[in-house]
Structures are given as structure tokens and as C-alpha cells.
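Reading the structure
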Amino acid sequence: MLCRVADQVTVRSWLLLPPLFLATVVGLAGAICAVASSEVALSGPILFGSAAAIAMVTSVDVDWHGIRALRWAGWAYVCLLLVPALMIDGIELPVPIALAIGLVGAGCWGAFRVGCR
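**So, the overall build of the protein**
The secondary structure content of the protein amounts to 4 helices and 2 strands. For the protein, the N- to C-terminal ordering of α and β elements is α-β-α-α-β-α. Expressed as a percentage of the 117 residues in the protein, the buried residues total 33%. A fraction of 83% describes how many contacts in the protein between residues 6 or more apart in sequence connect residues 24 or more apart. Approximately 7200 Å² of the protein is accessible, and the part contributed by carbon and sulfur atoms is 72%.

**Remarks on the pairing of strand β1 (residues 40-43)**
Side chains Val40 and Leu42 of β1 all project onto a buried face; the interleaved residues Ala41 and Ser43 project onto a face where none is buried. Bridging between β1 and strand β2 (residues 90-93) involves 4 bridges; their strand directions are antiparallel. Among the inter-strand pairings, Ala41 is bridged to a residue of β2, identified as Glu92.

**Concerning the environment of Phe48**
Among the structural elements, Phe48 can be located in helix α2 (residues 44-58). Separated by 35 residues in sequence, Phe48 and Val83 place their C-alpha atoms 8.4 Å apart. Those residues in contact with Phe48, other than ones at most four positions away along the chain, are Leu22, Leu81, Pro84, Ala85, Ile88 and Ile91.

**Things to note about the nonpolar core**
In a soluble, globular protein the nonpolar side chains are often hidden away together inside. Within the largest apolar cluster, 14 residues are counted, with the highest numbers of intra-cluster contacts made by Val26, Val40, Leu42, Leu47, Ile91 and Leu93. It is helix α1 (residues 11-36) that contributes the most residues to this core, 4 residues altogether. For Ile91, the residues in contact, after removing those within four places along its chain, are Val40, Ala41, Leu42, Gly44, Leu47 and Phe48. Ranked by size, the runner-up nonpolar core spans 9 residues in total, among them Val9, Ala55, Val62 and Trp64.

**Concerning the environment of Ser37**
Along the polypeptide, Ser37 turns up in the loop between α1 and β1. Given the relative accessible area of 67%, Ser37 is considered exposed.

**Structural notes on a nonpolar patch on the surface**
Side chains of Val83, Leu86, Met87 and Ile88 sit close together on the surface and give an oily, nonpolar patch of about 440 Å² of accessible area. Position of Leu86 among the secondary structure elements: in helix α3 (residues 68-87). On the accessibility criterion, Leu86 (75% relative accessible area) is exposed.

**Points about the confidence of the model for the protein**
Of all residues in the protein, 90% have pLDDT values of 70 or greater, and the mean over the chain is 84. The least confident element of the protein is helix α4 (residues 95-115), whose mean pLDDT is 83; the most confident is α2, at 91.

**Thoughts on the side chain of Thr58**
Topologically, Thr58 is positioned in helix α2. Since its relative accessible area comes to 17%, Thr58 is described here as buried. Polar contacts involving the side chain of Thr58 include one to the main-chain carbonyl oxygen of Ile54, which spans 2.7 Å.

**A few points about the packing of α2 against α3**
For the pair α2 and α3, interaxial distance at closest approach is 7 Å and the crossing angle is 170°. With respect to α3, the element α2 is oriented roughly antiparallel. Taken together, the residues of α3 that come into contact with α2 (itself represented by Gly44, Pro45, Phe48, Gly49, Ala51, Ala52, Ala55 and Met56) are Trp75, Val78, Leu81, Leu82, Pro84 and Ala85.

What counts and what doesn't
Residues numbered from 1 in each chain as written. Predicted model: local features only at pLDDT ≥ 70, side-chain atom pairs only at ≥ 80, totals over all residues. Heavy atoms only, no water. Helix = DSSP H or I, 4+ residues; strand = E, 2+ residues; numbered from the N terminus. Buried < 20%, exposed > 50% of the residue type's maximum accessible area, 1.4 Å probe, protein only. Contact = heavy atoms within 4.5 Å. Areas by Shrake-Rupley, 256 points an atom, 1.4 Å probe, with all protein chains shown as cover. Pairing = 2+ DSSP bridges. Core = buried A, V, L, I, M, F, W, Y, C linked by side-chain atoms within 4.5 Å. Patch = residues over 30% accessible without salt bridge, like charges linked within 9 Å, V, L, I, M, F, W, Y side chains within 5 Å. Salt bridge = Lys/Arg side-chain N within 4 Å of Asp/Glu carboxyl O. pLDDT = per-residue confidence, 0-100. Polar contact = N/O pair within 3.5 Å; in protein donor to acceptor, adjacent residues only side chain to side chain. Axes fitted to C-alpha atoms, helices over the stretch in contact; angles between N-to-C directions. Parallel < 35°, antiparallel > 145°, perpendicular 65-115°, else oblique.

Rendered as C-alpha cells:
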């Protein structure tokens, strides 16, 4: 999925994975809501909780360079992703904004894929 060398992910790639996931989900929801002619309504706990789970699960593949402080910073990043999951109940967006966010996310995924080759 990400650019892997000896089963290791760079810290930068790992940090970008949850925001790209969020942008992709918002874009897909925007596309579905555009077809259904409705507003985009997303659940904050599900959206940000999933992003935190992705960060936590993929953190074992990160090349932390053996620095213990970076690992602690990784856990702080996961906790930072959990804060909106606990504080934001619902997210409502206009369809054009959701589609624009999704396009940015898709473009970044494309840049990831090109950078891995």
C-alpha cells in the first residue's frame, strides 16, 4: 500500500496516511451524496476513530530510527487523532467542498504511488 523498503514505512508517509484516509472518505461520501442529491453528513467518531485506528495499526511498520522519543511522538499523534473523535459528533459539508477534498486526497494518493516507483 505504501512505499515499503524491507517492510518499513517512513515517518513522513505514516503521518500522511490518516489525513489521506480522511480526505478519501470525505470525497467518496461527497460523490455518493452528489448522486443522491443530499448534503454530506459524516460521523465524527467513526471517521476520526478509523483514522486513529489506521495510524495505530500501521505504526508497527514505521522506521523509527531506533529513537524512543519518536515512538512516543507517534502515540501522541494517535491520541491527537482521537480528540476530534471524542469531541465532534457530526460533520456536515456541502457536496462541492466534499468533492474538492476528495480530489485533493486522490491526487495525493497518486503522488504516493508515483513516488514509490
